[in-house]
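# Breakdown of the fold
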Amino acid sequence: MKENMQAVRRSMQQMLPLVLALTWLYILQQLFLRPDGYFAVTLGYGRSIMSSFGDVNRVVTLFLDKGFQIMGVLVIVLAIQKRLHDQFQGHQQTVLLTLVTLVSWQMLNTAASLMNLVVLPLMVLAIMTPVQLVKPRHQYAVAILATLLIGAYAVTLHSWLKMSLFGLMQQGLVTLIGDGSTDLWQTWLWLLTAVLGNWLGLNAVAGVIRPDISATAANENLVAALQHQTIPHTFSLYPLSAFVWFGGAGLMLALLITYLIQARNKPLPLLLILTIIPTFFDQWWALAFALPVMWNWHVLRTMIMASTVNLGVGALLLAMHLAPAVYWVPSGTPTILFGGLASHSMWLYILVTVVLLALDVVIFWRVVQELHKSGEVAYA
Amino acid sequence: MRKRWLILILGLLGVLLLTMAVLGLRWSQSKTTTNQRIYNSRMTPTILIPGSSASQNRFDQLISQLNKGNNKHSLVKVTVKTDSSMVTTGKVRNGDLAPYFVVAFENNHDGYASIKKQASWFNEALQMLQKKYRFRQFQAIGHSNGGLIWTRFLEKYYDSDSQQVNVLMTIGTPYNFEETNPNNRTQMLQDFIRDRDNLPSDLTVYSIMGTETYDDDGIVPEQSVQTGKFVFQKQVAHFTEITVTGDDAQHSDLPQNQQIVDLIQQYVLPKSQGVPGNRK
């Protein structure tokens, strides 16, 4: 299991340039090209975007979808190749890897599957685990059989039934979330779920738990604020999001800052430097490809601790009448700006953010030292 | 070299975040200020949309009947031109909290393609009215295709952040155009049914049907009006179908029908209406 996971991580690191290019393109689209993008809304050119850039947007979206799909397929194929390159003869490798490519493409062929990075190790484990259990002379046949079974599952579920387990999971979560959290402990539970989801590679989970002003609790807060009444749900997800989503669920931004501080006297890989802007914009997956943070138990523990501390500090500040985040923000607002914009108290929230990130750097210090010692940094 | 890249990236990040902060704050504060006025407004107008081939004067007789006695309210008419410009006549008298707004279209042709355009124009007209008169709550009335425009607006454009519609009354509205067989669903009806999840769940809908013969009001088959149930039933808070017969039950006369006037007064108009010169 350990070697398989390492093979997946190394393949992910090899894909970092592609992931970075796609992530930067995604951010550019979110900020500038979409009709509801940040600058389109704040500068008021959203309406003319549809007529001028409608086709461009569609092409960019298609490029991103296929790009991430190709990335996923390559990670799986490279990982399998690393693990089996000594076991099979030339033609056997070719046949197996071709089959794995086709099946992986089919597995990642739904919008709901893309960016759920958990598919990558699951595919590798699903093929490698039975192979490692049998004698060498049977390994090739078992590898082919396992791949075909996965292919049958993918074709049945995705192409015939037009279903996706990730899509079903998202729908289930949306139903569970309902009107949104109203108590601090509920918000904490959803936060934990999002952190765990991110760590596992279930982006579908974290995506559903992002702050949404149309959720009942958030909307009631908004209406109360507009009518100058007491905010009814101060400890719901929307106001508390201002303290806990820096760099995505799990505070990946704090992890990155800690890493950069500890590496200040060492040469930094250029590709790692290029993950800075995406991480600031809560697009954490480029960082997850650069550093071995996913499926790392020590990192998960620290993420949970840091997120809980941030939530506690945030709740305390709100209880002490810090202006809560209740108002609208443009789509694509990174968390680092969310609190200030949604509360109209920019300076206060900048101060709070700096203090919280400083606290998180202390919490992440030890686990990042271990990451440095492991030496597993992409393109170092 | 790497340090230069780091400085470049951090510099770019700083400029980007600063620009976003300034623009975002300005946008958010502007949206909040506009909506604060809207949310704290006590005005609840009744907005009427006429049917195809009808003009902004379609409801004059209806509004005269509603304005009988001491209960007089202002009437503002908006005509949306094909280039999206708007011509407004009339004004809201000071203190009038329940005026009537009629929104008509220069292109008032029949057909699904026209209805889609008219709904988009209506959305623009409503935003103009909201900005000018600063209201959030309103009541909705649509005669004939006017009801279709309301339905499309509610499914495609309605913004629950800045709008709240309490009641919708559609009068002689052909949800399935001229189809008499409810199993033969027009594209428009199919689209309405597909997008019905977007309808406000707290809305009360009255669908009024006139019958001159036993099958139609002279133009719209009753089966077509009745297909409205596939759109609204189990989606909105309340859905009621009412059949009106007798005098003025022909399609074009329905807005003047006394029973419909009574229904509007009873179920649509706000109960406590601010009337100019009648403030307590």
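Conventions and cut-offs
- Within every chain, residues take consecutive numbers counted from 1 along the sequence as written.
- Naming scheme: in the order in which they are written, chains are lettered from A and ligands are numbered from 1.
- A pLDDT threshold of at least 70 governs which residues receive local features in this predicted model, and a stricter bar of 80 or more applies before side-chain atom pairs are shown or counted, although totals over entire chains, interfaces and linings include all residues.
- Excluded from the side-chain calculation are hydrogens and water; included are all heavy atoms of the structure.
- Should any heavy atoms of two residues lie within 4.5 Å, those residues are counted as being in contact.
- Note on terms: buried area is the combined drop in 1.4 Å-probe accessible area of two parts once they are placed together, counting the loss on both.
- Nitrogen and oxygen atoms within 3.5 Å of one another constitute a polar contact, given that in protein one can donate a hydrogen and the other can accept it, and given that sequence-neighbouring residues count only through two side-chain atoms.
- Each helix is a run of DSSP H or I of at least 4 residues and each strand a run of E of at least 2, with the numbering of both proceeding from the N terminus.
- All residues other than Ala, Val, Leu, Ile, Met, Phe, Trp, Tyr, Cys, Pro, Asp, Glu, Lys and Arg, Gly among them, are scored as polar; the first ten of these are nonpolar and the last four charged.
- The salt bridge criterion pairs a side-chain nitrogen of Lys or Arg with a carboxyl oxygen of Asp or Glu, the two atoms within 4 Å.
- Under the scheme applied here, a residue whose accessible area is under 20% of the maximum for its type counts as buried, over 50% as exposed, and between as partly exposed, the area being computed with a 1.4 Å probe on protein chains only.
- Axis definition: a line fitted to C-alpha atoms, over the contacting stretch in the case of helices. Angles run 0 to 180 degrees between N-to-C directions.
- Roughly parallel means an angle under 35 degrees; roughly antiparallel means over 145; roughly perpendicular covers 65 to 115; every other angle is labelled oblique.
- Crossing handedness is read from the near helix: turned anticlockwise from the far helix by less than a right angle, it gives a left-handed crossing, and turned clockwise, a right-handed one.
- Values of pLDDT, ranging from 0 to 100, describe the predictor's confidence in every residue of the model.
- Whether two strands pair comes down to DSSP finding at least two bridges between them.

### Regarding the interface of chain B and chain A
- Listed per partner, the contact involves 28 residues of chain B and 36 residues of chain A.
- Together, Met20, Trp27 and Tyr39 of chain B form the three largest contributors to the area buried by chain B at its contact with chain A, with a combined 21%.
- Taken together, the connections running from chain B to chain A amount to 5 residue pairs in polar contact (both at pLDDT 80 or more).
- The set of elements that each furnish at least two residues to the side of chain B that touches chain A consists of α1 (2-39) and α3 (112-133) of chain B.
- Broken down by class, the residue content of the side of chain B that touches chain A amounts to 14 nonpolar, 9 polar and 5 charged.

### Examining the pattern of salt bridges
Residue and element names in this part refer to chain B.
- Evaluated as defined, the whole model comprises 5 salt bridges over all chains.
- We note a salt bridge from Asp195 to Lys156, for which the minimum N-O separation is 3.1 Å. One end of the pair, Asp195, is in the loop between α5 (187-194) and β7 (204-210); the other, Lys156, is in helix α4 (residues 145-156), with 39 residues separating them in the sequence.
- By relative accessible area, Asp195 is classed as buried at 11%.
- Looking at Lys156, the relative accessible area reads 40%, which means it is partly exposed.
- Note that Asp195 and Arg194 form a salt bridge whose closest N and O atoms lie 3.1 Å from each other.
- The network of salt bridges with common partners includes Lys156, Asp191, Arg194 and Asp195.

### Describing the packing of helix α5 (residues 90-107) of chain A against helix α7 (residues 136-160) of chain A
All names here are of chain A.
- Axis separation between α5 and α7 bottoms out at 9 Å; the angle between their running directions is 20 degrees. Taken together, the axes of α5 and α7 are roughly parallel relative to one another. The interaxial crossing formed by α5 with α7 has left-handed handedness. Between α5, through Gln92, Val95, Leu96, Leu99, Val100, Val103, Gln106 and Met107, and α7, the contact on the second element is made entirely by Tyr140, Ala143, Ile144, Thr147, Leu148, Ile150, Gly151, Tyr153, Ala154, Val155, His158 and Ser159.

### Re the confidence of the model for chain A
- Per-residue pLDDT for chain A averages 86, and the proportion of residues at 70 or more is 93%.
- Put simply, helix α10 (residues 203-209) of chain A is where chain A has its lowest mean pLDDT, 68, and helix α17 (residues 297-319) of chain A is where it has its highest, 95.

### A few points about the sheet that holds strand β5 (residues 137-143) of chain B
Residue and element names in this part refer to chain B.
- One open sheet accounts for 8 strands, arranged β3-β2-β4-β1-β5-β6-β7-β8; its pairing is mixed. The open sheet terminates on both sides in strands that have one partner only, identified here as β3 (86-89) and β8 (238-244). Taken pair by pair, the neighbouring strands of this sheet meet at an average axis angle of 20 degrees, ignoring direction.
- One ladder, built from 6 bridges, connects β5 with strand β6 (residues 164-171); its direction is parallel. Across the sheet, residue Gln137 finds its bridge partner in β6, namely Gln164.
- In the packing of α3 onto the sheet, the strands contacted are β1 (46-49), β2 (75-80), β3, β4 (100-105) and β5, and the crossing angle to β4 comes to about 145 degrees.
- Packing against the sheet, α4 makes contact with β1, β4, β5 and β6, and its axis sits at approximately 140 degrees to β5.

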